[in-house]
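Below are the chains, spelled out letter by letter.
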Amino acid sequence: MARLVGEDFSVLFTGFEHTAWRLETRDEYSIGEEATAYRQYVAGEKVDALDWFWPWLDTMRAAVAQGKRIERVRVVPEPLTEYLRYEAWLCHYNIQAGEDIRYLPRQRAQELGLPDSDYWLFDSHRLARLHFDADDHPVAAELIEDPDAIIRANYYRDLAWHHATPFQTWHLDHKHEIEQHSAGA
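Residues numbered from 1 in each chain as written. Predicted model: local features only at pLDDT ≥ 70, side-chain atom pairs only at ≥ 80, totals over all residues. Heavy atoms only, no water.

## Some thoughts on the overall build of the protein
For step 1, the next point in the chain: A count of helical and extended segments in the protein gives eight helices and eight strands.
For step 2, the next point in the chain: Taken over C-alpha atoms, the radius of gyration comes to 16 Å for the protein, in line with the 16 Å a tight globule of 185 residues would show.
For step 3, the next point in the chain: Seen along its three principal axes, the alpha-carbon backbone of the protein occupies a region of about 50 × 35 × 35 Å.
For step 4, the next point in the chain: Counting every position in the protein, which comprises 185 residues, the buried fraction comes to 47%.
For step 5, the next point in the chain: In the protein, the share of contacts with a sequence separation of at least 24, taken over all contacts with a separation of at least 6, comes to 77%.
For step 6, the next point in the chain: The positive charge centre, built from 19 side chains, and the negative charge centre, built from 33, are 3 Å apart in the protein. (Helix = DSSP H or I, 4+ residues; strand = E, 2+ residues; numbered from the N terminus. Rg over C-alpha atoms; globule rule 2.2 N^0.38 Å. Buried < 20%, exposed > 50% of the residue type's maximum accessible area, 1.4 Å probe, protein only. Contact = heavy atoms within 4.5 Å. Lys, Arg positive; Asp, Glu negative; His and termini not counted. Charge placed at Lys NZ, Arg CZ, Asp CG, Glu CD.)

What follows is the structure, given as structure tokens:
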């Protein structure tokens, strides 16, 4: 079992050939670099502390320009947590960079039997399970080589993707919930 952090993990996003797919299941992600932007969003201020975000978006744009796909399904509670409102508010940047993001209500994900853990699946054969500490900080990505686990991850990807709603459609029903705190943004 290989654990990846920092640059060792980041290299996965430049080294895949065709697809990078993510299942997101957490109500909160405590990422230090975005703390100021998150605070600004919650306070209803203009969010101008996004320098941490631009390198990710540049990486996504470069991958899409090479014909690669980056997709995510975000499993979310209803109503959304404060953090997930902020994340949905940021989503238009991801979409503009070429990511395809869909949303799936947590209740429906549970009915479908989806796992309650985050992972990235690269090119349908490279599985990176994400680990977090008790305070929702990312700790490491664990490369999983078990063929059965990889097959299950592909199955869950297909199941989640089929039942999730594209962001643009989902956003229409949740716009009031997302933008109520960002009047100054």
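Once the structure has been displayed, the description carries forward.
## Examining unusual backbone geometry
For step 1, the next point in the chain: Here glutamate 78 and proline 79 are connected by a cis peptide whose omega angle stands at 5 degrees.
For step 2, the next point in the chain: Relative to the helices and strands, proline 79 is located in the loop between β3 (69–76) and α5 (82–96).
For step 3, the next point in the chain: With phi around 65 degrees, serine 124 is a residue other than glycine that occupies positive phi space.
For step 4, the next point in the chain: On the secondary structure map, serine 124 appears in the loop between β5 (119–122) and β6 (126–132).
For step 5, the next point in the chain: Given the relative accessible area of 30%, serine 124 is considered partly exposed.
For step 6, the next point in the chain: For aspartate 136, which is not glycine, the phi torsion reads 70 degrees and is therefore positive.
For step 7, the next point in the chain: Within the element layout of this structure, aspartate 136 appears in the loop between β6 and β7 (138–144).

## Observations regarding the side chain of glutamate 71
For step 1, the next point in the chain: Looking at the element boundaries, glutamate 71 is found in strand β3.
For step 2, the next point in the chain: On the basis of relative accessible area, glutamate 71 is assigned to the buried category, the value being 11%.
For step 3, the next point in the chain: Here glutamate 71 is in contact with Ala20, Trp21, Arg22, Asp100, Trp120 and Trp161, once residues within four sequence places are set aside.

## Points about the sheet that holds strand β8 (residues 165–166)
For step 1, the next point in the chain: Taken in spatial order, the eight strands of this open sheet run β1-β7-β6-β5-β2-β3-β4-β8, and their pairing is mixed. This sheet does not close on itself; its edge strands, each paired only once, are β1 (2–4) and β8.
For step 2, the next point in the chain: For strand β4 (residues 100–105) and β8, the ladder comprises two bridges, and the chain directions are antiparallel. Along β8, the bridge assignment pairs arginine 102 with proline 166.
For step 3, the next point in the chain: Packing against the sheet, α5 makes contact with β2 (19–24), β3 and β4, and its axis sits at approximately 155 degrees to β4.
For step 4, the next point in the chain: Sheet strands touched by helix α7 (residues 147–163): β2, β3, β4, β5, β6, β7 and β8. Its angle to β5, the strand with the most contacts, is close to 100 degrees. (Pairing = 2+ DSSP bridges. Axes fitted to C-alpha atoms, helices over the stretch in contact; angles between N-to-C directions.)

## Here we look at the packing of aromatic side chains
For step 1, the next point in the chain: Taken as a whole, this structure holds 24 aromatic pairs when the rule is applied.
For step 2, the next point in the chain: Arranged with centres 4.9 Å apart and planes meeting at 80 degrees, the rings of phenylalanine 13 and tryptophan 120 form a pair that is edge-to-face. With phenylalanine 13 in helix α2 (residues 12–15) and tryptophan 120 in strand β5, the pair connects residues that are 107 residues apart, well separated along the chain.
For step 3, the next point in the chain: For phenylalanine 13, a relative accessible area of 5% translates into the label buried.
For step 4, the next point in the chain: Measuring from centroid to centroid gives 5.5 Å for tyrosine 29 and phenylalanine 132, while their planes differ by 65 degrees, and the two rings are edge-to-face. Taken together, the residues span a long stretch of sequence, with tyrosine 29 in the loop between β2 and α3 (35–42) and phenylalanine 132 in strand β6 at a distance of 103 residues.
For step 5, the next point in the chain: Three or more aromatic residues link up through ring pairs in this structure, and these residues are Tyr29, Tyr38, Tyr41, Trp52, Phe53, Trp54, Tyr83, Tyr86, Trp89, Tyr93 and Phe132.
For step 6, the next point in the chain: The aromatic ring of phenylalanine 16 is capped on one face by lysine 68, whose charged end is 4.8 Å from the ring centroid. (Phe/Tyr/Trp six-rings, centres within 6.5 Å; stacked < 30°, edge-to-face > 60°. Lys NZ or Arg CZ within 6 Å of the ring centre and 35° of its normal.)

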